[in-house]
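Chains, contacts and geometry: an overview
One letter stands for each residue in the lines below.
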Protein chains: 2
Amino acid sequence: MIYPPALSDEQYASLVSNIKDWQITHGSLLKLVETDEENTVKCHPVGTTLFPTLFPKELFHEAHALQKAYNKLYAAVAEDDEWLLDVLKELFDVDDLASALWEIYQEVKEEGFVQDLTLGIFRSDYMMHVNPIESSHRPELKQVELNTVSCAGGVHTNRVSDMHRHLHRTGAYQPLVSKEAIISSSSLPLNLTLKTISTGLSVAHRGYGRPKSAAMTETCILFIVAADNFNIADERPIEYALWDEEIPSYRVSWGHDILAHTSLTPTRELLYHATSRSVAIEVSVVYFRAGFEIHEYNDIGRMARLQLEKSRAIKSPSILSHLTGFKKVQQALTIPGVLERFVSPDEAVKISRTFAPMYPLDDSLSGKQAKKLVLEPKTARNHVLKPSLEGGGHNVYGEEIVAFLKRTPEELLQSYVLMEKINPPLLDNFMMSSRGLYEGRVISELGIFGVCLWKRVQHGESKRTEMVTELAPSWSLRTKDASVDEMSVVKGYGCFDSPALVDWEVFMSVLEA
Amino acid sequence: MIYPPALSDEQYASLVSNIKDWQITHGSLLKLVETDEENTVKCHPVGTTLFPTLFPKELFHEAHALQKAYNKLYAAVAEDDEWLLDVLKELFDVDDLASALWEIYQEVKEEGFVQDLTLGIFRSDYMMHVNPIESSHRPELKQVELNTVSCAGGVHTNRVSDMHRHLHRTGAYQPLVSKEAIISSSSLPLNLTLKTISTGLSVAHRGYGRPKSAAMTETCILFIVAADNFNIADERPIEYALWDEEIPSYRVSWGHDILAHTSLTPTRELLYHATSRSVAIEVSVVYFRAGFEIHEYNDIGRMARLQLEKSRAIKSPSILSHLTGFKKVQQALTIPGVLERFVSPDEAVKISRTFAPMYPLDDSLSGKQAKKLVLEPKTARNHVLKPSLEGGGHNVYGEEIVAFLKRTPEELLQSYVLMEKINPPLLDNFMMSSRGLYEGRVISELGIFGVCLWKRVQHGESKRTEMVTELAPSWSLRTKDASVDEMSVVKGYGCFDSPALVDWEVFMSVLEA
């Protein structure tokens, strides 16, 4: 079987034109911040695939089913500061972001915590992996990473998924020659990621309850965002959805604006002073869509984060939950026996099945094994070196790793982990972005959004995590040109996508075609 | 009372930034067609006011109440080809569009009509008028024009109205100093224009019924649009709304594409051959968003319109209904006694109250009076000369009229009408468009969308019009810098707006402030 079907020139042009118009009218756009003028600004469509990409139905559902265990795991890790310190402490000398966050955490801890609820909005990213030796086997899920802060792409995917479903109903995906169509409306799952994220925030908002400060009558959710943000179309709709539920939601830019527009009461309620309002409003939830890059932690950035973190507002994420997204944590969780500290043996088995082999680059036995692997070109090729940074933009791939190790001081390597490369099946699709049109082999990354509100329950020295509310997980899909390593949607390499779910039989027959 | 309230620099910047983001994420945009590339295209926000503009509640409701009579009037006129011929015949030698349309009508008439239903999507435009002599009097409604073809702005206004309501709920319109706010949520009427237009089309679609051609199983609505259209955001959402009601809707560009993608069966069903579909689909309704400019009526354009017009599909508008939008018709309706041919005496009174004095430029008594008026600079100033073209882009104002008359051959003047200038009250607002930011005096134009499906009932020589379905009217509001004559939103002079409805007392006190 062949997928996607071949297109005539006219069909191709018509599909592209329909997609552009759909994107313009549905906010499936990036703001061109460099064109921002006093009175106007330009924007253009975000990268998208023309067709939904094939994805095995079974793996799609497996990834959803797994999320409950991942939520539990990452909530538990985020409340275990001893274990986290143990994993991260070697980083502090070499990773300024890790140390900045830890210092803020320490300072808050000394003052004592006034909020025991945390909202997790996680995105666990998977690729399909085919065992290179037994390549006729069915692909399985391997986790690329689990993001715990500022998980993006939820709204963009939601839009592109809606668009693929719209195009499908217009007949755009009908093969010209009368063959059985591989996709049908039932194979295009409804995407509810926007609703899932906004519901998570509203659940936390209600969890916060009435204003605690006597002078206040209202509460609001505060989005912490990047100034001059090109990606407002992935954030603003969440804000509007909250307003539609009559939950006031405002946004403040990272840094100085946080200090200028928020304050703490003596009992640590966080107050927001809106430009447009004469009275302050108490903040129920702080939702971070910024504050995950080291350059944001200058003196003002640190003070800003500290102020938010000290406050009674529910944070999404808290500092510790933010730190659980570091690659070092991901790698530490792959060490045999570790998962059982946080989840049941049964859950541990399911989770660990999605782990690719990972190694530290230290003097441990495992670290030594890692160095051996990358010195041998044959095994180096199958590996990728990842720093503890958010996103995938700073990875070192395959045979480049050796040269990188040589020029990098030993102590800096502490912040890197070595991961066995995932070997994804290659599918076909068309993509369009500001970089151009593309037709050919593609690789997809499925993200599962896990949204949960948990409570830290402390009895003397003993702490445990209690899940308060957990939403049904939702998904995102990003797809890139198979010949490019990076999945950056921003740079136009990656495109938003949605899956066309198919049975194994169809999937394997397309793979073999 | 002062409205809108003064803004601090920070409030102004915050409001503008919030508006840009809202527009980007809600398709309140214009497509920059000159940037259209194979793989991407840029777009930017459509012009908008920052605040809703004050509007007297009573006049807003009066304009809505009037629409039923206007629908009846224009449906009746559109079925009275004798009267129309009488009014328009002098135009045919000088106005190529009028004659092209009339020729097509004649050709269809000769073959005989196969569809007795017509869908009207009208927009009756009003300005408020203050008697310049008794300027302390309350303003009243005066009709600028009634549009019968391709009435635009419905979706844009809907978006901007939603935006103003959103900004209001965020507190953006709250005066900084604690005074009573002039606007409240109940003063911002809900705009349902998108829904009104799409419902009109779906009513007509259902009115068409099952496919008539034996080979067909489905029907669809066909949008006739301009190629390289910058204004897709005002059209596409109607198409998507129809799909949401499971009504297939497609678009075809004016001209060659109509001939390439449609065909007539021997029994004159119109078939649409989509690029993306292997089988044709029968057209229930043809919705014109193009075909109203003379340059579109070259040989191919004429053939295309003729093919659509001959067909069994319901047209919105039909050729005759299209012709009723000519200024000559508007002027002819102001002649005493004429309205009573089409509507009840009571309706005639209500309608004629909204007429500004209008004159032909011919040799009639009325025409001679017109020429006298424009020769005198004092009276010329109060007049505007309008050609029979769609839109307001070709008007000649005040004292420029004399020079224009001198350089224009007598016979060409047949296509112009002279209209007494409406003297609108000046209000204040902020506007932003690609032309810049503006703060100052503004003038608004209220459009009332009348959507109705009517039937031509013929008994021998006697014809009458039967209203089949009439929807509750909806509205648009456009606002411009008071010092500019043109209301062109496309050129950035006019901005989309929504009314803040107030009692007379508040309105007059703001006027006097």
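What counts and what doesn't
Residues numbered from 1 in each chain as written. Chains lettered and ligands numbered in written order. Predicted model: local features only at pLDDT ≥ 70, side-chain atom pairs only at ≥ 80, totals over all residues. Heavy atoms only, no water. Pairing = 2+ DSSP bridges. Helix = DSSP H or I, 4+ residues; strand = E, 2+ residues; numbered from the N terminus. Contact = heavy atoms within 4.5 Å. Axes fitted to C-alpha atoms, helices over the stretch in contact; angles between N-to-C directions. Core = buried A, V, L, I, M, F, W, Y, C linked by side-chain atoms within 4.5 Å. Buried < 20%, exposed > 50% of the residue type's maximum accessible area, 1.4 Å probe, protein only. Buried area = accessible area lost by both parts, 1.4 Å probe. Salt bridge = Lys/Arg side-chain N within 4 Å of Asp/Glu carboxyl O. Polar contact = N/O pair within 3.5 Å; in protein donor to acceptor, adjacent residues only side chain to side chain. Nonpolar A, V, L, I, M, F, W, Y, C, P; charged D, E, K, R; others polar. Phe/Tyr/Trp six-rings, centres within 6.5 Å; stacked < 30°, edge-to-face > 60°. Lys NZ or Arg CZ within 6 Å of the ring centre and 35° of its normal. pLDDT = per-residue confidence, 0-100. Least-squares fit on C-alpha atoms with pLDDT ≥ 70 in both. Parallel < 35°, antiparallel > 145°, perpendicular 65-115°, else oblique. Expected span 1.5 Å × (residues − 1). Domains from an automatic or database assignment. Left-handed = near helix turned anticlockwise from the far one by under 90°. UniProt positions renumbered as here; feature names shortened; annotations may be inferred.

Right, let's talk about the sheet that holds strand β16 (residues 416-420) of chain B for a bit. All names here are of chain B. Pairing is antiparallel in the open sheet, where four strands are placed in the order β13-β16-β14-β15. Two strands bound the open sheet, and with one partner strand each, they are β13 (358-360) and β15 (396-397). Strand direction decides the pairing type here: β13 and β16, joined by three bridges, are antiparallel. Bridging from a neighbouring strand, Met 358 pairs with Met 419 of β16. Sheet strands in contact with helix α13 (residues 365-375) are β13, β14 (383-387) and β16, and its direction is about 110° off that of β13.

Counting residues in each nonpolar core, the largest one holds 112 residues, and the members touching the most others are Leu 54, Leu 73, Trp 83 and Leu 333 of chain B. With twelve residues, the single largest contributor to this core is helix α2 (residues 57-78) of chain B. Setting aside residues no more than four positions away along its own chain, Leu 333 of chain B makes contact with Leu 73, Tyr 74, Val 77, Trp 83, Val 338, Leu 339, Phe 342 and Phe 355 of chain B. Listed in part, the 111 residues of the second largest apolar core include Ala 63, Met 163, Trp 243 and Leu 270 of chain A.

It is worth spelling out the interface of chain B and chain A at this point. Counting residues at the interface gives 53 residues for chain B and 52 residues for chain A. Here chain B and chain A share an interface that buries about 4,600 Å² over both sides, 55% of which is from carbon and sulfur atoms. Taken together, chain B and chain A are joined by eight salt bridges. Between Asp 36 of chain B and Lys 20 of chain A there is a salt bridge; the shortest N-O distance is 2.7 Å. Scanning the region where chain B abuts chain A turns up 25 residue pairs in polar contact (both at pLDDT 80 or more). Where the side of chain B that touches chain A is concerned, the elements lending two or more residues are α1 (9-25), β1 (29-32), β2 (42-45), α5 (154-169), α7 (236-244), β8 (249-253), β17 (427-433) and β18 (436-459) of chain B. Considering every element that reaches the side of chain B that touches chain A, the biggest residue donor is α1 of chain B, with eleven residues. When the residues that make up the side of chain B that touches chain A are grouped by side-chain class, the tally is 18 nonpolar, 21 polar and 14 charged.

Below, the discussion takes up α7 of chain B. Residues and elements named next belong to chain B. Most of α7 is tucked away, with eight of its nine residues classed as buried. For α7, the full list of buried residues reads Arg 236, Pro 237, Ile 238, Glu 239, Tyr 240, Ala 241, Leu 242 and Trp 243. At the exit of α7 stands Glu 246, carrying a positive phi of roughly 65°.

Overall, the coordinates contain 42 aromatic pairs over all chains when judged by the stated rule. An aromatic cluster of three or more residues is present, and its members are Tyr 3, Tyr 12, Phe 51, Tyr 173 and Phe 430 of chain A. Here the guanidinium or amino end of Lys 212 of chain A rests over the ring plane of Tyr 208 of chain A, the centre of that ring lying 5.1 Å away. In this structure, Arg 305 of chain B is placed above the aromatic ring of Phe 288 of chain B, and the distance from its NZ or CZ to the ring centre is 4.2 Å.

Summary statistics for chain A give a mean pLDDT of 93 and a share of 98% for residues scoring 70 or more. Taken together, the chains of this predicted complex give a pTM of 0.96 and an interface ipTM of 0.96.

Here we take up the relation of the copies chain B and chain A. With an axial shift of 0.0 Å and an RMSD of 0.0 Å, the rotation relating chain B to chain A amounts to 180°. Accordingly, the operation relating the two chain copies is best matched by a two-fold axis. Both copies share a contact surface, since 98% of the interface residues of chain B are interface residues in chain A too.

Residues and elements named next belong to chain A. In the contact formed by helix α2 (residues 57-78) and helix α12 (residues 345-352), the axes pass within 10 Å of each other and the chain directions differ by 110°. The angle between α2 and α12 falls in the class roughly perpendicular. Contacts between α2 and α12 involve Leu 66, Ala 69, Tyr 70, Lys 72 and Leu 73 on the former and, on the latter, Glu 347, Lys 350 and Ile 351. Looking at the contact of α2 with α12, its residues break down into five nonpolar, no polar and three charged.

Let us look at unusual backbone geometry. Note that the residue after Tyr 3 of chain A, namely Pro 4 of chain A, is joined by a cis bond; omega there is -10°. Summarising the element assignment, Pro 4 of chain A is placed in the segment before α1 (9-25). Ser 316 of chain B connects to Pro 317 of chain B through a cis peptide bond whose omega is 0°. Backbone geometry at Asp 228 of chain A places phi at a positive 50°, although glycine is not the residue there. Within the secondary structure layout, Asp 228 of chain A lies in the loop between β7 (219-225) and α7 (236-244). Here Arg 268 of chain B, not a glycine, exhibits a phi torsion of approximately 65°, which is positive. Secondary-structure assignment places Arg 268 of chain B in the loop between β9 (262-264) and β10 (270-272).

Before going further, it helps to spend a moment on the sheet that holds strand β16 (residues 416-420) of chain A. All names here are of chain A. Read from one edge to the other, the open sheet built from four strands follows the order β13-β16-β14-β15, with strand pairing classed as antiparallel. Both edges of this open sheet fall to β13 (358-360) and β15 (396-397), since each of them pairs with a single strand only. Bridge count for strand β14 (residues 383-387) against β16 is five bridges, and the pairing is antiparallel. By the bridge assignment, Leu 385 is partnered in β16 with Leu 418. Contacts between helix α13 (residues 365-375) and the sheet are confined to β13, β14 and β16, with β13 contributing the most and set at about 110° to the helix.

What follows covers helix α4 (residues 96-111) of chain A. Residue and element names in this part refer to chain A. Counted at 1.5 Å a residue, the expected span for α4 with its 16 residues is 22 Å, and the 23 Å between its end C-alpha atoms agrees. Among the residues making up α4, those that are buried are Leu 97, Ala 98, Ser 99, Ala 100, Leu 101, Trp 102, Ile 104, Tyr 105 and Val 108. Looking at the buried positions of α4, the neighbouring elements they touch are α3 (81-88), α9 (299-310) and α10 (319-323). One side-chain oxygen of the residue at the start of α4 lies 3.0 Å from the amide nitrogen of Leu 97, identifying that residue as Asp 95. Just beyond α4, the residue with positive phi is Gly 112, at close to 95°.

The next thing to look at is the domain arrangement of chain A. Often, the extent of an interface is quoted as the loss of accessible area upon association of its parts. Residue and element names in this part refer to chain A. Here chain A is partitioned into domain 1 (9-356 + 422-512) and domain 2 (357-421). Using only C-alpha atoms to locate each centre, domain 1 and domain 2 end up separated by 26 Å. Facing the 23 residues of domain 1 at the interface are 21 residues of domain 2. Taken together, the two surfaces of domain 1 and domain 2 that pack against each other cover about 2,000 Å², and 57% of this comes from carbon and sulfur.

Attention shifts here to the side chain of Asn 229 of chain A. All names here are of chain A. For Asn 229, the location among the structural elements is in the loop between β7 and α7. Of the polar contacts made by the side chain of Asn 229, one reaches the side chain of Glu 235; its length is 2.9 Å. Dropping the residues within four chain positions of it, Asn 229 is found in contact with Lys 31, Val 33, Glu 235 and Arg 251.

All right, on to the packing of helix α6 (residues 193-208) of chain A against α7 of chain A then. All names here are of chain A. Closest axis-to-axis distance for the α6/α7 pair is 9 Å, and the angle between their directions is 55°. Considering the angle they form, α6 stands oblique to α7. Relative to α7, the crossing made by α6 is right-handed. Contacts from Leu 194, Ile 197, Ser 198, Leu 201 and Ser 202 in α6 reach Pro 237, Ile 238, Ala 241 and Leu 242 in α7.

Moving on: the UniProt feature "domain: Glutathione synthase substrate-binding" (unreviewed entry) in chain A. The feature "domain: Glutathione synthase substrate-binding" (unreviewed entry), as given by UniProt, occupies residues 219-323 of chain A in the numbering adopted here. Here residues 219-323 of chain A runs as 30% helix and 28% strand, with 27 Å between its end C-alpha atoms.

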